[in-house]
Protein chains: 2
Amino acid sequence: MRNEYQANLAEVADTLVQMADLVHTGMWQASRALLDVDAELARHVVAADAHVDAQYQDLQECTYLLLARQAPVAGDLRLLTSALHIARDIERMGDLAAHVAKTALRRTPQPAVVPELHEIISTMADHAHRIAGKLVTVIQDADLQLADQLEHDDNTIDTCKRQLFAILLEPGWAYPIAPAIDAAQLARWYERYADHAVNAGARVRYLATGITLRSSRWVQVRAVQPRARVPATIE
Amino acid sequence: MRNEYQANLAEVADTLVQMADLVHTGMWQASRALLDVDAELARHVVAADAHVDAQYQDLQECTYLLLARQAPVAGDLRLLTSALHIARDIERMGDLAAHVAKTALRRTPQPAVVPELHEIISTMADHAHRIAGKLVTVIQDADLQLADQLEHDDNTIDTCKRQLFAILLEPGWAYPIAPAIDAAQLARWYERYADHAVNAGARVRYLATGITLRSSRWVQVRAVQPRARVPATIE
């Protein structure tokens, strides 16, 4: 019974890593679909988000049952409730990747991003990709030094967003309204994606340091897991 | 002990009603602040959203502890997990009200909404207010007929959003880019606000009908509650 419980805890932690990996890949693919005008890839991202949503539902159900059946205390209670918070942030990141992909689809076969904004959107996409990649490692390895970096990385996305708005609001904007509206929403989505990654990373940090660093359940649970990544079904 | 447990269950249900009431009022005030250019009211809405966030945190902590300590089964387990889902939707509604208020603040003392869009934004605000008002009643009284109406009401907001975009994308748009971007985001926020209300209503419906209509724990728990509304601190 206890062994099954340990296995269930490990499964929750594993699901978080898989979800983080999926939304990391998802936003990267959404950015490629947007910038390279690839409708097929955009449709794939939208479909893959349903998989993240399903994982989130499963994780919630599993965690609620563990709470109700195992009556965890202290570290395990904290682990499970934190997992719910982290999963929520990751699920939102998946939604935001799907929003980016849907913007690409809405303008297809035309590009949704006008040439003047290609570079700044591409830079935001790069930052978002790097931040989500760090989040995967933070969750997988309970890497707290990397968690500390996330907040700084987030500032670079905010700077990009301001630059993008400065371009949009210049008097000489030579395009119709639609691409300006798209660009404003895209900037917002990349910014929110990074915000959720920072939130999730901060929660791992809180979970690990709030109890006492190396004895935390998160570190213990993650330490016994193989570093398997999610199967490459959406690569 | 069981009496305390019953009281805790009722408290969770009460908190949901209070949260729904707060975000109902919050979006209405945000809309007034936006359309009447009232910066003080806008600041109030942003501050009040922190109260909703705090209630959401408390509700989560309380629910997790009830799950872990009381090991609820069947109807109570379902009640508590559904409460978490409903609370999440309501908390997002509060965020969206705060977004609307922040848009009002960003342009103050200028109006954020240009005259051509005043009527359509005002109509969206009315619909959003009516939908959130119904949600309060759905949660408070487990009113399933009203829950059924929510989905239809949501369609009217989607229609408004399409109308607003049609105005924005007409070749003759006579304003700068900024108010167009604001309007597109506002329309999105009202639409999302309504979506979350529909989700929350559907969850109450599922909770009540999935078990067996009148014997559901939701109806039982709500039936013994006085119909007290949240104190009028933010009126």
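Keep in mind that what you see is a predicted model, and the values were worked out from it rather than measured. (Residues numbered from 1 in each chain as written. Chains lettered and ligands numbered in written order. Predicted model: local features only at pLDDT ≥ 70, side-chain atom pairs only at ≥ 80, totals over all residues.)

**Description of the confidence of the model for chain A**
Residue and element names in this part refer to chain A. Considering every residue of chain A, the mean pLDDT works out to 87; 88% of them sit at 70 or more. Within chain A, helix H4 (residues 115-141) carries the highest mean pLDDT (95), whereas helix H7 (residues 217-223) carries the lowest (57). A low-confidence stretch, residues 211-215 stays under pLDDT 50, and its non-local contacts, those more than four residues away or across chains, total five contacts. A low-confidence stretch, residues 224-235 stays under pLDDT 50, and its non-local contacts, those more than four residues away or across chains, total 13 contacts. The complex model carries a pTM of 0.86, and its ipTM stands at 0.82. (pLDDT = per-residue confidence, 0-100. Helix = DSSP H or I, 4+ residues; strand = E, 2+ residues; numbered from the N terminus. Contact = placed C-beta atoms within 7 Å.)

**Looking at the interface of chain A and chain B**
Quite often, the size of an interface is put as the accessible area lost when its parts meet. Opposite the 16 residues of chain A that make contact, chain B presents 16 residues. Listing elements by their share of the side of chain A that touches chain B, those giving two or more residues are helix H2 (39-70), helix H3 (74-107), helix H5 (144-169) and helix H6 (177-211) of chain A. Residue classes in the side of chain A that touches chain B are distributed as 14 nonpolar, one polar and one charged. (Nonpolar A, V, L, I, M, F, W, Y, C, P; charged D, E, K, R; others polar.)

**Let's talk about the packing of H2 of chain A against helix H2 (residues 39-70) of chain B**
Contact geometry of H2 of chain A with H2 of chain B gives a least axis separation of 5 Å together with a crossing angle of 50 degrees. Between H2 of chain A and H2 of chain B, the interaxial angle falls into the category oblique. Every residue of H2 of chain B that contacts H2 of chain A at Tyr-64, Leu-67 and Ala-68 of chain A is listed here: Tyr-64, Leu-67 and Ala-68 of chain B. Considering only residue class, the contact of H2 of chain A with H2 of chain B consists of six nonpolar, no polar and no charged. (Axes fitted to C-alpha atoms, helices over the stretch in contact; angles between N-to-C directions. Parallel < 35°, antiparallel > 145°, perpendicular 65-115°, else oblique.)

**With respect to helix H5 (residues 144-169) of chain B**
All names here are of chain B. For H5, which comprises 26 residues, the first-to-last C-alpha distance of 39 Å matches the rise-based estimate of 38 Å (1.5 Å per residue) to within 8%. Along H5, the sharpest kink reaches roughly 25 degrees, centred on Leu-150. The complete set of buried residues in H5 reads Ala-147, Leu-150, Ile-157, Cys-160, Leu-164 and Leu-168. (Expected span 1.5 Å × (residues − 1). Bend = angle between axes of the 7 residues up to and from the residue. Buried ≥ 20, exposed ≤ 12 C-beta atoms within 10 Å, placed from the backbone.)

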